[in-house]
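Structural overview for review
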Amino acid sequence: MDNRLINIGFGNAVKISRILAVVNPGSSPIRKLKEEAKQEHRLIDVTEGRRTRGIIILDSGHLVLTSVQPETISQRLAALDKEQANPARLLHTENDHE
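Residues numbered from 1 in each chain as written. Predicted model: local features only at pLDDT ≥ 70, side-chain atom pairs only at ≥ 80, totals over all residues. Heavy atoms only, no water.

Here's the deal with the overall build of the chain
The line we're drawing: Runs of E in the DSSP output that reach at least two residues are strands. Runs of H or I that reach at least four are helices, and both are numbered from the N terminus. Burial classes: relative accessible area under 20% of the type maximum marks a residue as buried, over 50% as exposed, and values in between as partly exposed (1.4 Å probe, protein chains only). Computed with the Shrake-Rupley method and a 1.4 Å probe, the accessible areas treat only the protein chains shown as cover for residues.
What the chain contains, in helices and strands, is three helices and six strands. Out of the 98 residues in the chain, the part that is buried amounts to 28%. Split by element, the accessible area of the chain, about 6600 Å² in all, is 50% carbon and sulfur.

Focus: the pattern of salt bridges
How we decide: By definition here, a salt bridge exists when the distance from a side-chain nitrogen of Lys or Arg to a carboxyl oxygen of Asp or Glu is within 4 Å.
In this structure the tally under the stated criterion is four salt bridges. Between Asp59 and Arg18 there is a salt bridge, with its nearest N and O atoms 2.5 Å apart. Highlighted residues: Asp59 in the loop between β5 (54-58) and β6 (63-66) and Arg18 in the loop between β2 (12-15) and β3 (19-23), separated in sequence by 41 residues. Residue class for Arg18 comes out partly exposed when judged on its relative accessible area of 34%. Taking the shortest distance from any N to any O, the salt bridge between Arg42 and Glu40 comes out at 2.8 Å.

Observations regarding the environment of Asn7
For clarity, the cut-off: Contacts are assigned to residue pairs with any non-hydrogen atoms lying within 4.5 Å of each other.
Relative to the elements of secondary structure, Asn7 occurs in strand β1 (residues 5-9). Asn7 sits 70 residues away from Leu77 along the chain, and the two C-alpha atoms are 9.5 Å apart. Filtering out sequence-adjacent residues up to four positions away, Asn7 remains in contact with Asn12, Ala13 and Arg76.

Remarks on the side chain of Ser67
The topology assignment puts Ser67 in the loop between β6 and α2 (70-85). With residues near it in sequence (within four places) discarded, Ser67 still touches Phe10, Thr47, Arg50, Arg51 and Arg53.

Regarding unusual backbone geometry
We note that Phe10 has phi near 55°; this positive angle belongs to a residue other than glycine. Secondary-structure assignment places Phe10 in the loop between β1 and β2.

Side note on the pairing of β5
Threshold: Pairing between two strands is assigned when DSSP locates at least 2 bridges connecting them.
Counting buried positions over the five residues of β5 gives five, a clear majority of the element. Of the two faces of β5, both are covered, the one formed by Gly54, Ile56 and Leu58 as well as the one formed by Ile55 and Ile57. In this sheet, β5 lies alongside β3 in antiparallel orientation, the contact comprising four bridges. Pairing of Val22 across the sheet is with Ile56, part of β5. The pairing of β5 with β6 spans four bridges and is antiparallel.

The values reported here are purely geometric and, on their own, carry no functional implication.
Next up, the structure:
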């Protein structure tokens with residue numbers, strides 16, 4: 001099981017293995033899903049008062065509102081996948097700074 005976390009802004013993180021989808025908040029079906037989650041107390045807002053730019057849907061049914069763009073989160077996930085596929089790359093990067 002993957003216990004790694006991904007940064008979703010302002011020092012907040014989500015467990016990678018719990019993420020089902022990362023979506024834009026603009027569409028009507030997503031806004032409806034957000035409202036339902038709010039009514040059912042399944043909404044987690046980590047935007048720190050900023051504009052919601054992405055919504056992370058978790059396998060528990062919770063929705064996480066974030067001010068980080070979905071594209072940025074996808075890039076971070078891809079970077080973590082690349083890191084896991086080639087862990088020796090990290091060693092070279094760390095040694096290069098010495």
